[in-house]
Amino acid sequence: MQATINSEISFKGVGLHSGKISELTLIPAEINHGIWFKRTDILGTNNMIEAIYSNVNDKPLCTRLENECGVSVSTVEHLMAALAGCGVQNILIEVTSDEVPILDGSSKSFVEAILEFGIKKQFAKQYAVKILSLVEINHHGAYASLSPADSLEMDFSIDFEEEAIGKQFKSLNMANGAFVRELSSSRTFCRKIDVEDMHARGLALGGSYDNAIVFDNGHVLTPGGLRYYDEAVRHKMLDALGDLTLAGMPIIGRYVGIRSGHMVTHELLRKLFAEPSYFKIVECSTDQLNMLPGFGVTHLDIEAGQSVI
């Protein structure tokens with residue numbers, strides 16, 4: 001069983017890092033199409049970019065995809081997480097600039113719209129990457145690994161000097177709407193002290209209290225405060241799911257992240273697929289389909305998530 005969306009869905013907003021206003025349209029796609037981005041502002045060259053790990057061109061603080069012609073799209077991770085969390089495998093994403101709109105800094109708006117417009121089941125075989133043995137990456141104190149499990153499980157821990165964040169840990173089995181309930185509304189975050197540094201490097205030019213949690217010396221500056229007491233680690237898990245979706249098909253295995261970020265998860269995928277003994281491609285059984293992150297997701301999952309905020 002595969003899935004797409006019932007009809008086109010459009011969004012408009014600012015890019016977190018570029019500060020540019022862009023429009024984004026999700027378009028239903030056929031069986032086995034996969035997830036592709038199309039830069040509609042680019043003419044005269046290949047403007048199609050497949051959402052796959054081999055197209056990742058690492059950029060600080062976000063995930064950027066780039067095709068062989070140098071055409072790129074950045075900050076795709078929140079949308080990719082929403083697609084995985086809603087069980088959508090086949091879709092064309094048109095975007096009018098080089099960055100996906102940040103919206104409120106989470107996957108919430110994408111998830112709500114996808115579930116409102118509806119998901120169309122496609123009667124075709126669903127394949128998955130089944131992890132066979134431990135594969136891991138260590139990079140300057142950051143760690144990520146994949147190991148065998150019966151469904152996608154995630155453990156994540158963070159440790160920040162910022163008092164309002166500190167040490168946080170969360171563990172989830174991502175089956176049956178857990179992403180929508182537990183992670184989809186968690187927002188990106190930063191420390192106030194880091195904002196000027198990011199601006200000096202040309203990053204977060206579109207950042208505001210409307211699309212990020214800003215921490216400062218034990219205080220939350222964003223109006224309304226936190227949606228969850230551990231919103232920071234939840235958002236790191238959201239990012240990780242978005243990056244893992246670049247495997248090109250669901251992963252059946254256990255992901256562990258310790259102070260991990262985009263680059264480390266990207267390197268983990270590259271290492272995984274460079275060694276065939278780490279994995280095998282399997283046709284999902286009924287039991288495996290039933291354990292995929294987006295299987296059976298409904299609006300009730302959104303409401304369940306709001307009840308614990």
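Data block above holds the structure.
Being a predicted model, the structure only gives us computed values, none of them experimental.

**Q** Mind laying out the layout of surface pockets, listing which residues take part and the relevant values?
**A** Its boundaries defined by the atoms lining it, the largest pocket holds a volume of some 1,200 Å³. Lining the largest pocket are 43 residues; nearest its centre among them are Leu61, Phe160, Phe189, Met198 and Lys236. Those elements that place two or more of their residues in the lining of the largest pocket are helix H1 (77-86), strand S13 (153-159), strand S15 (189-191), helix H4 (192-200), helix H5 (231-244) and helix H6 (262-274). Broken down by element, the lining of the largest pocket gets its largest block of residues, 5 residues, from H4. The computed volume of the second largest pocket comes to approximately 760 Å³. Considering the residues around the second largest pocket, the lining is formed by 37 residues, among which Gly87, Val88, Gln89, Gln126 and Pro250 are closest to the centre.

**Q** Give a detailed account of the sheet that holds strand S5 (residues 48-50), specifying residues and quantitative values.
**A** Adjacent strands of a sheet form backbone hydrogen bonds with each other and so pair up, either parallel or antiparallel. With respect to topology, 5 strands assemble into an open sheet ordered S2-S3-S8-S4-S5, the strand pairing being mixed. Edge positions in the open sheet fall to strand S2 (9-14) and S5, since each of these has one partner strand only. Strand-to-strand twist in this sheet, taken as the mean axis angle between neighbours without regard to direction, amounts to 20°. Looking at chain direction, strand S4 (residues 35-39) and S5 are connected through 3 bridges and run antiparallel. Among the inter-strand pairings, Phe37 is bridged to a residue of S5, identified as Ile49. Docked against the sheet, H1 engages strand S3 (21-28), S4 and strand S8 (91-95), running at close to 145° with respect to S4. Strands S2 and S3 of the sheet are contacted by helix H2 (residues 108-117), whose axis makes an angle of about 165° with S2.

**Q** Please give an account of empty space enclosed by the protein that cites residues and values.
**A** One pass over the structure, following the stated rule, counts 2 cavities of 30 Å³ or more. A volume near 40 Å³ is recorded for the second largest cavity. Taken together, Phe156, Lys236, Asp239, Ala240, Asp243, Tyr255, Ser260, Gly261, His262 and Thr265 make up the lining of the second largest cavity. Those elements that place two or more of their residues in the lining of the second largest cavity are H5 and H6. Within the lining of the second largest cavity, the residues separate by chemical class into 3 nonpolar, 4 polar and 3 charged.

**Q** Provide a residue-level description of the nonpolar core, including the pertinent values.
**A** Here is a general trend for soluble globular proteins: nonpolar side chains tend to be buried in one another's company. Residues Leu26, Phe37 and Leu272 are the most contacted members of the largest nonpolar core, which totals 72 residues. Sequence-distant contacts of Leu26, defined by excluding residues within four places in its chain, comprise Ile5, Ser7, Glu8, Ile9, Phe11, Leu79, Ile91, Leu92, Ile93 and Ile114. Membership of the second largest hydrophobic core comes to 6 residues, among which are Ala128, Ile252, Leu289 and Leu292.

**Q** Account for the sheet that holds strand S19 (residues 254-258), naming residues and giving values.
**A** The strand order S11-S12-S19-S13-S14 describes an open sheet built from 5 strands, whose pairing is mixed. This sheet does not close on itself; its edge strands, each paired only once, are strand S11 (135-139) and strand S14 (167-173). Shown here is a sheet whose adjacent strand axes are inclined to one another by a mean of 5°, direction ignored. Direction of pairing for S11 relative to strand S12 (residues 142-147): antiparallel, over a ladder of 5 bridges. Within S12, the residue paired with Ile137 across the bridge is Ala144.

Rules and cut-offs
- Residues numbered from 1 in each chain as written.
- Predicted model: local features only at pLDDT ≥ 70, side-chain atom pairs only at ≥ 80, totals over all residues.
- Heavy atoms only, no water.
- 1 Å grid on protein atoms, 1.4 Å probe; cavity = no way out; pocket = protein on both sides within 12 Å on 5 of 7 lines; lining within 4 Å.
- Points joined across faces, edges and corners; volume = space filled by probe spheres on them.
- Helix = DSSP H or I, 4+ residues; strand = E, 2+ residues; numbered from the N terminus.
- Pairing = 2+ DSSP bridges.
- Axes fitted to C-alpha atoms, helices over the stretch in contact; angles between N-to-C directions.
- Contact = heavy atoms within 4.5 Å.
- Nonpolar A, V, L, I, M, F, W, Y, C, P; charged D, E, K, R; others polar.
- Core = buried A, V, L, I, M, F, W, Y, C linked by side-chain atoms within 4.5 Å.
- Buried < 20%, exposed > 50% of the residue type's maximum accessible area, 1.4 Å probe, protein only.

So yeah, pure geometry; function would need other evidence.
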